[in-house]
Amino acid sequence: MTVALTEAEPAPAAAPRQRRRRATGRLAVLPLLAFTGVAFGIPALAMLNGALTVKDPATGATSYSTANLSASLHGAYLTALIGSVKLSAVSAVLAAALGLPLAQTVVTSRFRALREAVLTAAGVLANFGGVPLAFAFVATLGNSGVLTRRLGLADKGWNLYSFWGLVIVYLYFLIPLMVLTITPALDGLRTQWREAARNNGATAFQYWRHVALPVLLPSLLGGLVLLFGSAFAAYATAAAMVGSAVPLVTLQIADAISGNVLVGQENVALALSLDMVLVAGLVMAVYLPLQRRSARWLA
Amino acid sequence: MTVFQPRTAVLTGGLVVAALALSACGAAPDKASTGADGKSAASATSAADFGGLDALVKAAKKEGTLHAIALPRDWANYGALIDGFQKKYGIKVEVENPDGSSQDEINAVTSRKGQDRAPDVLDLGTSFALSAAQQGLLASYEVTAYDDIPEGQKDAQARWYNDYGGYISIGCDDKRVKTCPTSFKDLLKPEYKGQVALNGNPTKAAAAFAGVYAASLANGGSFDDIQPGLDFFARLKKNGNYTPVESTPATVEKGETPITIDWDYLNAGYADEFKSKGLDWKVVVPDDGMFSQYYSQAINKDAPHPAAARLWQEYLYGAEGQNLWLQGYARPVLMPAMEKAGTLDKDAAAKLPEVSGTPAFPSEDQQNKAKTVVAQGWGKAVSG
C-alpha cells in the first residue's frame, strides 16, 4: 500500500529523493515479510514436509511418499473431514441466517442503549469458547444438566452430545460473531436507498431482494467464511463435550498426534492439517473474487 | 511515517535473530555424573555396575533433579510416589504435562534430544515402549529386582519393564443407579440409558481401548478379534445407553458419568476420593470380559539426569514404591515376588477388586491388528 502511494506522488523535480523514499517504502515491508516467513512459512513447510514423510515405526527410517495423504483421505479420517465440513457449514449458515436479522433489528433500533448493549455482549460472547463454553452447556443441558432434569428433556430424546447438540453450542459464539461482522455493512446501507425504492413503489421484499442483499452479499459471504473458519478450527469445545461421538478432523488430529494407543501417527496428523489448509484455501478462493467485485459498492 | 520503518525493520530483524538464538540455548551442559570408579551414570546398566546403590544415590543427589513427564498425581497413586521419592532422597521431581500421553512423551524425547529439558524417565504404554526401544531412544538398565519381574513383562535387554497395571472394571454410582451392573451384558439393559461412559476415546486413550477389548472378550471375541467389542459399543450407542462424555474425576463427581468403564485402580481411587462427598462408587471387575494390562517404565537414553533417572527406577521397583502403587489400587508387577518375600502390604492387597484366574495378555501383533480395527471402526460405531 505504501509503495503505491509514493509512486502516485507527482514530483518529477525531486526524482532522486523520490527513489530513495520508494526504496525505504519497500524496505518497510521487510519486517512483515520476515515475520510471515518465520511465523507462517516455516511451520507450513514443516507441515508439508512431515505430511509427505513416512516413518518406519520399527527402525525410525524415513522416506518420502504420499501414503499419509492418502491415509488422511480414507476411512475414519475422511469421515472426520466430511464431518467437520458439514458441521462448520451447517452452523455457519444457521448463524448467518439468525445473526443477520438480529443485527438489522439492532441497527435500525431507535434505542442507542440497546445497540451498545447488544454489540458489547456480542463482543464478549464471540470470544466465549473452549472448555468453559462446553462446561456451561454440560451443566445446563448435559445428561444431568439443570434444564435437562427440570424439563425432563432426556425422555424427549434430547442429547447434547450429538451433531445437533454441537451445532447449538457453536451457534452460541457464532451468532454474536456474525452480528459483529455484519453490523458495519448494515450501517453502510443508506436510508436514502430504501426511501428511493419505496418512492418507486417497491415492496420491502423487493427492496431486500434487489437492493440491500446484493450490496450486502460480499459482507455476508465474508461473514460466512469467517464463521466457517471459526467452526472448522474449533477444537477444545468439541473435545471436552463430544469426544469421539461426532467425527471431527481437529479431534482426529489430536488423537493421531498425542495418543496412548496408535503408535507413529504423527505424520498422518500433519497430512490431516494439510487437508484442513486446503479446505480453508478453497473456501477463501470462492470468497475473495466476490468480495473484490462488490467491495466497490460500500466504499 | 515511512522514515521510521527501516529502524523498525532492523529492530524486528534483531528480535527475530535474538529469538532464534535464545531457542538454541537449551543445549545440555556437560555434567556427566560419575560413580565410585569413574563410571558414568549414563552408561551404567545396573546399580552394581555403577559401584553400588550408595554411589548411585550420591550421584543422583548431586544432580538434584528428576525431570519426569506425564505423571498425573491422581493416577495410580503417583502423587504419593513422587512425594515419597522427594522426601527419601531430597531430589526434586519436576513433572511436565501431567496429563500427557505416551506419544507426547516420545515426542518430548525425540524433539529435545540432547537438551537439559528432555524427560529423564518415561511411563509408557507397552507398545510405545517397544517402539521407542526399537528406535534406540531408551537406555538399558537392570533394576535390582529385574530378575523378579515375570517373564513376558520385560524387555530382554532391560530397556523397559512393566511396572503396574490392573483390570478393566465397571465403576458405578450406587446412589444414582438403582442396581449396579456387574457384567458387560448388564450394560445393555434399558435402565442404564445415557449412563455408560468410557475413559476417553479408544483410538487415543489406552484405558478406553482396553475397555473395547474387554467388551470384545465378553461378546465372543478374542485377542485376535476385537470387532465384537466395537459391535457391542455400537449396540450400546444405538439403544441410547452409551454417553460420549469421557469420564474424568470431575464427571464422576458431578454424576455426568454414573457408570464408567475404566481401569480398576482409577475407579477404586474415585471411590476413596469422593466418599467424603457423599458418592457411593462401587467397583467390579466384570466376570464376562476380563482384560488386564500393565504400563512400562523406561529411561531416556540421553537423560539429562542419568543417575536420578536410574535411582527413580530403583525406587519404583523397591518394596516401598511397589506398595505405594498397591495402595493406589494398582497391581504392581512384583506382587507375586513380594508376596513370597513377605514385603507385600497385605491390607492394601486385600482391598483390590476381586478377580478370578490369571491374567492373559494379547501379543504385540494381536494388539496392533486390534488397534487398526478400532482406529477405522470406532467412529462408525458410536457416531451419529
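Bear in mind that the values here come from a model prediction, so they are computed numbers and not experimental data. (Residues numbered from 1 in each chain as written. Chains lettered and ligands numbered in written order. Predicted model: local features only at pLDDT ≥ 70, side-chain atom pairs only at ≥ 80, totals over all residues. Heavy atoms only, no water.)

Would you mind going over the packing of aromatic side chains in detail, with residue names and values included?
Under the criterion given, the structure shown has 33 aromatic pairs over all chains. With a centroid separation of 6.1 Å and 85° between ring planes, the pair formed by B:Tyr242 and B:Trp378 is classed as edge-to-face. Placement of the pair is B:Tyr242 in the loop between α8 (227-238) and α9 (249-254) and B:Trp378 in helix α15 (residues 364-382), with a sequence separation of 136 residues. Under the relative-accessibility criterion, B:Trp378 is labelled buried at 1%. With centroids separated by 6.5 Å and ring planes inclined at 25°, the aromatic side chains of B:Trp312 and B:Tyr315 adopt a geometry described as stacked. On the criterion of helical spacing, the pair formed by B:Trp312 and B:Tyr315 is a turn pair, its members being 3 residues apart in helix α11 (residues 306-316). Just as B:Trp312 is buried, B:Tyr315 falls in that class too. Among the aromatic residues, those joined into a cluster by ring pairs are B:Trp75, B:Tyr78, B:Tyr164, B:Trp263, B:Tyr265, B:Tyr295 and B:Trp325. Lying across the ring of A:Phe163, A:Lys86 places its NZ or CZ 5.1 Å from the centre. Here the basic side chain of B:Lys154 rests over the ring of B:Tyr146, its NZ or CZ set 4.6 Å away from the ring centre. (Phe/Tyr/Trp six-rings, centres within 6.5 Å; stacked < 30°, edge-to-face > 60°. Helix = DSSP H or I, 4+ residues; strand = E, 2+ residues; numbered from the N terminus. Buried < 20%, exposed > 50% of the residue type's maximum accessible area, 1.4 Å probe, protein only. Lys NZ or Arg CZ within 6 Å of the ring centre and 35° of its normal.)

Outline helix α10 (residues 264-275) of chain B, listing residues and values.
All names here are of chain B. Between the first and last C-alpha of α10 there are 16 Å, a value that for 12 residues agrees with the 16 Å anticipated at 1.5 Å per step. Of all the positions in α10, only Asp264, Tyr265, Leu266, Asn267, Ala268, Tyr270, Ala271 and Phe274 are classed as buried. For α10, the secondary structure elements touched by its buried residues are β4 (160-173), α9, β6 (259-263), β7 (281-284), β8 (292-299) and β9 (331-332). (Expected span 1.5 Å × (residues − 1). Contact = heavy atoms within 4.5 Å.)

An account of the domain arrangement of chain B is needed here, citing residue identities and associated values.
In many analyses, interface size is given as the accessible surface area lost on bringing the parts together. Residue and element names in this part refer to chain B. When cut into domains, chain B gives domain 1 (41-158 + 300-317) and domain 2 (165-291 + 358-382). Put simply, the middle of domain 1 and the middle of domain 2, counted by C-alpha atoms, are 30 Å apart. Each partner contributes to the interface: domain 1 provides 6 residues, whereas domain 2 provides 8 residues. Note on domain 1 versus domain 2: buried area summed over both sides is about 590 Å², and carbon and sulfur give 62% of it. For the domain 1 face of the interface with domain 2, the top three residues by lost area are Asp74, Trp75 and Ser127, together amounting to 61%. The interface formed by domain 1 and domain 2 includes 0 salt bridges. Linking domain 1 to domain 2 there are 1 residue pair in polar contact (both at pLDDT 80 or more). (Domains from an automatic or database assignment. Buried area = accessible area lost by both parts, 1.4 Å probe. Salt bridge = Lys/Arg side-chain N within 4 Å of Asp/Glu carboxyl O. Polar contact = N/O pair within 3.5 Å; in protein donor to acceptor, adjacent residues only side chain to side chain.)

Give a detailed account of the pairing of β6(B), specifying residues and quantitative values.
Residues and elements named next belong to chain B. β6 sits mainly inside the fold: 5 of its 5 residues count as buried. Across 5 bridges, the pairing between β4 and β6 is antiparallel. Within β6, the position partnered with Ile168 by the bridge is Trp263. The pairing of strand β5 (residues 196-198) with β6 spans 3 bridges and is classified as parallel. Counted as the bridge partner of Leu198 is Ile261 from β6. (Pairing = 2+ DSSP bridges.)

Give me the nonpolar core: which residues, what numbers.
Among the nonpolar cores identified, the biggest contains 97 residues, and B:Phe233 and B:Tyr265 are the most heavily contacted of them. The element that contributes the greatest number of residues to this core is helix α7 (residues 206-218) of chain B, accounting for 9 residues. Counting residues domain by domain, this core receives three or more from each of domain 1 (41-158 + 300-317) and domain 2 (165-291 + 358-382) of chain B. Those residues in contact with B:Phe233, other than ones at most four positions away along the chain, are B:Leu198, B:Gly211, B:Val212, B:Ala215, B:Tyr242, B:Ile261, B:Trp378 and B:Val382. Ranked by size, the runner-up nonpolar core spans 62 residues in total, among them A:Phe137, A:Ala238, A:Val246 and A:Leu272. (Core = buried A, V, L, I, M, F, W, Y, C linked by side-chain atoms within 4.5 Å.)

How would you summarise the UniProt feature "transmembrane region" (unreviewed entry) in chain A if you had to cite specific residues and measurements?
UniProt's feature table lists "transmembrane region" (unreviewed entry) at residues 27-48, 76-98, 118-141, 161-186, 207-235 and 268-290 of chain A, given in the numbering used throughout. The annotated region residues 161-186 of chain A carries 92% helix and 0% strand content, and the separation between its end C-alpha atoms amounts to 36 Å. (UniProt positions renumbered as here; feature names shortened; annotations may be inferred.)

Before we move on, can you summarise the packing of α8(B) against α15(B) with the specific residues and values?
All names here are of chain B. For the pair α8 and α15, interaxial distance at closest approach is 9 Å and the crossing angle is 15°. Relative to α15, the element α8 lies roughly parallel. When the axes of α8 and α15 are compared, the crossing they make is right-handed. Side by side, α8 and α15 meet where Gln227, Leu230, Phe233, Ala234 and Lys237 of the first sit next to Val373, Val374, Gly377, Trp378, Ala381 and Val382 of the second. Its residues placed into classes, the contact of α8 with α15 shows 8 nonpolar, 2 polar and 1 charged. (Axes fitted to C-alpha atoms, helices over the stretch in contact; angles between N-to-C directions. Parallel < 35°, antiparallel > 145°, perpendicular 65-115°, else oblique. Left-handed = near helix turned anticlockwise from the far one by under 90°. Nonpolar A, V, L, I, M, F, W, Y, C, P; charged D, E, K, R; others polar.)

How would you explain the packing of helix α6 (residues 112-125) of chain A against helix α9 (residues 163-188) of chain A if you had to name every residue and give the values?
Residues and elements named next belong to chain A. As a packed pair, α6 and α9 sit with axes 8 Å apart at the nearest point and diverge in direction by 130°. It follows that α6 is oblique to α9 by the angle criterion. Considering only the axes of α6 and α9, their crossing is left-handed. Where α6 approaches α9, its residues Arg115, Leu119, Ala122, Gly123 and Leu125 are matched on the opposing element by Tyr172, Phe173, Pro176, Val179, Leu180, Thr183 and Asp187.

So what's going on with the state of the cysteines? Residues and values would help.
Residue and element names in this part refer to chain B. With the rule as written, the count across this model stands at 1 disulfide over all chains. Between the sulfur of Cys172 and that of Cys180 lies a disulfide, 2.1 Å long from S to S. Between Cys172 and Cys180 the disulfide shows an S-S torsion of about -80°. By sign, it is left-handed. Of the residues examined, Cys172 reaches a relative accessible area of 1% and is grouped as buried. Judged by its relative accessible area of 21%, Cys180 falls in the partly exposed class. (Disulfide = S-S within 2.5 Å.)

Describe the side chain of B:His67, listing the residues and the values that go with them.
Residues and elements named next belong to chain B. By the secondary structure assignment, His67 is in strand β1 (residues 65-69). On the accessibility criterion, His67 (10% relative accessible area) is buried. Polar contacts involving the side chain of His67 include one to the side chain of Glu94, which spans 2.7 Å. Reaching out from His67, the side chain makes a polar contact with the side chain of Glu96 at a distance of 2.9 Å. For His67, the residues in contact, after removing those within four places along its chain, are Glu94, Glu96, Arg117, Ala118, Pro119, Asp120, Val121 and His305.

Report on the pattern of salt bridges, specifying residues and quantitative values.
Opposite charge on two side chains makes pairing possible when the charged atoms of those side chains draw close. Residue and element names in this part refer to chain B. Under the counting rule described, the total for this entry stands at 14 salt bridges over all chains. A salt bridge links Asp186 to Lys189, with the nearest nitrogen and oxygen atoms 3.5 Å apart. Judged by its relative accessible area of 15%, Asp186 falls in the buried class. Given the relative accessible area of 35%, Lys189 is considered partly exposed. In this structure, Lys277 engages Glu253 in a salt bridge whose closest nitrogen and oxygen atoms are separated by 3.5 Å. On the criterion of sequence distance, the pair formed by Lys277 in the loop between α10 and β7 and Glu253 in helix α9 is long-range, its members being 24 residues apart. With a relative accessible area of 28%, Glu253 lands in the partly exposed category.

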